Amino acid sequence: MPQTQAYEAPRTLADAVRLLSTDGHARPLAGGTDLLVQSRATQKLPSTFVDLKRIPELVGIEVGPDGLRLGAATSAAVICEHAEARRLWPGLVEAIGLLGSTQIQGRASVGGNLCNGSPAADTTCSLIVNRARGVIAGAKGERTVEVERFTTGPGRTVLEPGDLLVALVVPRPAARTADAYLRLIPRSEMDIAAAGAAASVTLDERGVCTAARVAIGAVAPTALLVPAAADALIGSRLDDAALRRAADAASAAARPIDDKRGTAVYRKTVVGVLTRRAAGIAAERARARP
Amino acid sequence: MTVHVRTTINAEPQEFLCEPGETLLEALRSRLGLTGTKEGCATGDCGACSVLLDGRLVPACLVLAAEVSGREVLTVEGVATGDTLHPVQQKFLEHAALQCGVCTPGFVVAAKALLDHNDDPTEEQVRYWLAGNLCRCTGYDKIVRAVLDAAADMRGVTV
Ligand SMILES: Cc1cc2nc3c(=O)[nH]c(=O)nc-3n(C[C@H](O)[C@H](O)[C@H](O)COP(=O)(O)OP(=O)(O)OC[C@H]3O[C@@H](n4cnc5c(N)ncnc54)[C@H](O)[C@@H]3O)c2cc1C
Ligand code: FES
Ligand code: FES
């Protein structure tokens, strides 16, 4: 690789923020599975790699009474081994498990997936339906942003120079609530989504849906929360007719482009199918919950 | 800025100097003479550069050399115990699970990582775990048989 002037592995958040805010060409490094690939492809190396993985707040996963706190640089492999997280957020953890191969899983982080800002990032839809918020640290202090507002365009986020995503926090699901995520990739393994859909549904004791969230990916410049699809589910028993109405709402909300992974028309249709199936899986999971 | 790295590679303490943007793969091959780890793609797609970092399977082409300071790296050179091959290596030979061999070190390290925590994987689990290791020669079947046989060997079962 060509030359970078420095590698830093700060031990505190304050040191990392200082390094990033004093040098506009320094870049945070989590797993490097986007950053190192892009640096090599574009021959544009940051002046400094600021490795985030030695900052305690950035690594680790905790599930407590309030929900999940996920250090932004925690590797996918570590998250997928967490049995309680898998039980409470099966769709989110499955989405995290889809990132690349076993090798990529050993490096890739959810923070990196989100900060990279790809419209096809596999974890974003699941974070959105689970009402995840990003905790951001910067020169001006700490703030939190809902994940549906985090990405502002392809490769663009609300992060300002010097900002770091510290963690993702996800509230504990209510009773009889569950999620699911599905994506379609042109090859059967190791590819980027042509479309993706996540759903989270809450049922009452009689099996009627009282709350829902649906988000779709890879079919617009950013992942989209689709309130119309959720509205189609709320008040129903999540029967086939309701699932089909949600699918139509998702297809209507999609604004895909034509590219090598699929035509716009195809993606609009497929994102509806994925929405219907993901909502169906979430419903089955919610029914199985006390 | 040159980075001074103190680390443990294949259970031996190692020290080296590297450039800040240099990958672990480049350092292993060019600075430490550990050329068993191969470069296929340098973009995380092929698995030829697989190593264990603190016991975790990673692509050495997407790890900076400077990151391994204070950590433990295992490369294919450290998989055998002295002259005794690891069961995965032995079974690769017996099943002729290689042709040109460029993918083999990556497969051996990845398969060892699987068997370290699951010595009774199903064929599907083996195929899924190794999906990020590409082979242009064998068609994968012999590799999968070798790994399943190595697992049986490690459990003390003959198949
Ligand atoms: C072979 C291969 C397969 C892949 N498959 C998939 C896939 O199936 N689905 C998918 O969605 N992606 C996939 N990816 C892309 C990539 O692995 C993911 O986006 C991954 O989650 C990125 O995380 P990372 O920790 O490696 O990020 P990095 O590469 O370290 O960082 C990504 C970007 O975010 C910035 N950044 C990282 N962490 C922070 C932080 N905490 N605060 C502020 N900025 C930060 C970095 O500066 C960089 O710009 C694949 C990549 C490869 C190489
Ligand atoms: S050389 Fe690292 S994955 Fe191909
Ligand atoms: S044996 Fe040639 S690539 Fe696998």
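What counts as what
- Residues numbered from 1 in each chain as written.
- Chains lettered and ligands numbered in written order.
- Predicted model: local features only at pLDDT ≥ 70, side-chain atom pairs only at ≥ 80, totals over all residues.
- Heavy atoms only, no water.
- Helix = DSSP H or I, 4+ residues; strand = E, 2+ residues; numbered from the N terminus.
- Rg over C-alpha atoms; globule rule 2.2 N^0.38 Å.
- Buried < 20%, exposed > 50% of the residue type's maximum accessible area, 1.4 Å probe, protein only.
- Contact = heavy atoms within 4.5 Å.
- Areas by Shrake-Rupley, 256 points an atom, 1.4 Å probe, with all protein chains shown as cover.
- Lys, Arg positive; Asp, Glu negative; His and termini not counted.
- Charge placed at Lys NZ, Arg CZ, Asp CG, Glu CD.
- Domains from an automatic or database assignment.
- Buried area = accessible area lost by both parts, 1.4 Å probe.
- Salt bridge = Lys/Arg side-chain N within 4 Å of Asp/Glu carboxyl O.
- Nonpolar A, V, L, I, M, F, W, Y, C, P; charged D, E, K, R; others polar.
- Pairing = 2+ DSSP bridges.
- Axes fitted to C-alpha atoms, helices over the stretch in contact; angles between N-to-C directions.
- Patch = residues over 30% accessible without salt bridge, like charges linked within 9 Å, V, L, I, M, F, W, Y side chains within 5 Å.
- Near = heavy atom within 4 Å.
- Polar contact = N/O pair within 3.5 Å; in protein donor to acceptor, adjacent residues only side chain to side chain.
- Expected span 1.5 Å × (residues − 1).
- Parallel < 35°, antiparallel > 145°, perpendicular 65-115°, else oblique.
- Left-handed = near helix turned anticlockwise from the far one by under 90°.

## Things to note about the overall build of chain B
So, step 1. Counting secondary structure elements, chain B contains five helices and five strands.
So, step 2. Listing every helix and strand of chain B by position from the N terminus yields β-β-α-β-β-β-α-α-α-α.
So, step 3. In summary, chain B has a C-alpha radius of gyration of 16 Å against a globular reference of 15 Å for 159 residues, a match within 12%.
So, step 4. Taking the principal axes of its C-alpha atoms as reference, chain B extends roughly 55 × 30 × 25 Å.
So, step 5. Split into buried and exposed, the 159 residues of chain B put 52% on the buried side.
So, step 6. Taking the contacts inside chain B whose residues are at least 6 apart along the sequence as the reference set, 54% of them involve residues at least 24 apart.
So, step 7. Taken as a whole, chain B presents about 7,100 Å² of accessible surface, with 48% of it coming from carbon and sulfur.
So, step 8. Charged side chains in chain B number 13 positive and 21 negative. The centres of these two groups are separated by 3 Å.

## Overview of the domain arrangement of chain B
Often, the extent of an interface is quoted as the loss of accessible area upon association of its parts.
Residues and elements named next belong to chain B.
So, step 1. Taken domain by domain, chain B holds domain 1 (3-78) and domain 2 (87-154).
So, step 2. Placing a centre on the C-alpha atoms of domain 1 and another on those of domain 2 gives a separation of 21 Å.
So, step 3. Opposite the 13 residues of domain 1 that make contact, domain 2 presents 14 residues.
So, step 4. Together, the buried faces of domain 1 and domain 2 total about 970 Å²; carbon and sulfur atoms form 71% of this surface.
So, step 5. There are zero salt bridges connecting domain 1 and domain 2.
So, step 6. If you tally residues by element for the side of domain 1 that touches domain 2, the top one is strand 3 (residues 50-53), at three residues.
So, step 7. Residue composition of the side of domain 1 that touches domain 2, grouped by class: seven nonpolar, four polar and two charged.

## Observations concerning the sheet that holds strand 1 (residues 6-8) of chain A
All names here are of chain A.
So, step 1. Sheet architecture is open: three strands sit in the order 1-3-2, paired in parallel fashion. Two strands in the sheet have a free side with no partner beyond their single neighbour: strand 1 and strand 2 (27-29). Sheet twist, expressed as the average angle between the axes of neighbouring strands with direction ignored, equals 25°.
So, step 2. As defined by bridge partners, strand 1 adjoins strand 3 (residues 48-51) across three bridges and the pair is classed as parallel. What sits directly across from E8, in strand 3, is V50.

## Examining a nonpolar patch on the surface
Residue and element names in this part refer to chain B.
So, step 1. Where nonpolar side chains cluster on the molecular surface, the patch consists of L85, L93 and L98 and spans about 240 Å² of accessible area.
So, step 2. Among the secondary structure elements, L85 is positioned in the loop between strand 5 (72-74) and helix 2 (87-94).
So, step 3. The class for L85 is partly exposed, based on a relative accessible area of 35%.

## Re the site of ligand 1
So, step 1. In the neighbourhood of ligand 1, 34 residues make up the surrounding shell, with R27, P28, T33, D34 and S109 of chain A lying closest.
So, step 2. Near ligand 1, residues from chains A and B are present, making the site a shared one.
So, step 3. Separating an oxygen atom of ligand 1 from a backbone N or O atom of G31 of chain A is a distance of 2.7 Å.
So, step 4. The separation between an oxygen atom of ligand 1 and a polar side-chain atom of R183 of chain A is 3.0 Å.
So, step 5. For ligand 1, whose free accessible area comes to 980 Å², the fraction covered by protein is 93%.
So, step 6. Elements supplying a minimum of two residues to the shell around ligand 1: strand 2, helix 7 (110-116) and strand 10 (164-171) of chain A.
So, step 7. It is helix 7 of chain A that provides the largest number of residues to the shell around ligand 1, a total of four residues.
So, step 8. Tallied by class, the residues present in the shell around ligand 1 amount to 17 nonpolar, ten polar and seven charged.

## Some remarks on helix 3 (residues 104-117) of chain B
So, step 1. Spanning 14 residues, helix 3 of chain B covers 20 Å between terminal C-alpha atoms, matching the ideal 20 Å at 1.5 Å per step.
So, step 2. Burial within helix 3 of chain B is extensive, with twelve of its 14 residues counted as buried.

## Regarding the packing of helix 3 of chain B against helix 5 (residues 141-154) of chain B
Residue and element names in this part refer to chain B.
So, step 1. Look at helix 3 against helix 5: their axes get within 11 Å of each other, and the N-to-C directions meet at 40°. The pairing of helix 3 with helix 5 is recorded here as oblique in orientation. Between helix 3 and helix 5 lies a crossing of right-handed hand. For the pair formed by helix 3 and helix 5, the contact residues are F107, A111 and L115 on the first element and I143, V147, A150, A151 and M154 on the second.
So, step 2. Broken down by class, the residue content of the contact of helix 3 with helix 5 amounts to eight nonpolar, no polar and no charged.

## Describing the sheet that holds strand 5 (residues 67-71) of chain A
All names here are of chain A.
So, step 1. An order of 4-5-10-6-7 is seen for the five strands of this open sheet, with the pairing classed as antiparallel. Among the strands making up the open sheet, the edge pair consists of strand 4 (61-64) and strand 7 (141-146). Ignoring strand direction, the axes of neighbouring strands in this sheet form an average angle of 20°.
So, step 2. Pairing of strand 5 with strand 10, which is carried by five bridges, proceeds in the antiparallel orientation. Across the sheet, the residue bridging to L68 is V170, located in strand 10.

## Regarding the interface of chain B and chain A
So, step 1. Counting residues at the interface gives 31 residues for chain B and 29 residues for chain A.
So, step 2. Summed over both partners, the interface of chain B with chain A buries about 2,500 Å², with 56% contributed by carbon and sulfur atoms.
So, step 3. A per-residue breakdown of the area chain B buries against chain A is headed by R56, L62 and E67 of chain B, which together make up 25% of the total.
So, step 4. Linking chain B with chain A are four salt bridges.
So, step 5. Residue E26 of chain B pairs with R40 of chain A through a salt bridge whose shortest N-O separation is 4.0 Å.
So, step 6. Here chain B is connected to chain A by ten residue pairs in polar contact (both at pLDDT 80 or more).
So, step 7. Listed by contribution, the elements that provide at least two residues to the side of chain B that touches chain A are strand 3, strand 4 (56-59) and helix 4 (123-129) of chain B.
So, step 8. It is strand 4 of chain B that contributes the most residues to the side of chain B that touches chain A, four residues altogether.
So, step 9. The residue makeup of the side of chain B that touches chain A, split by class, is 16 nonpolar, nine polar and six charged.

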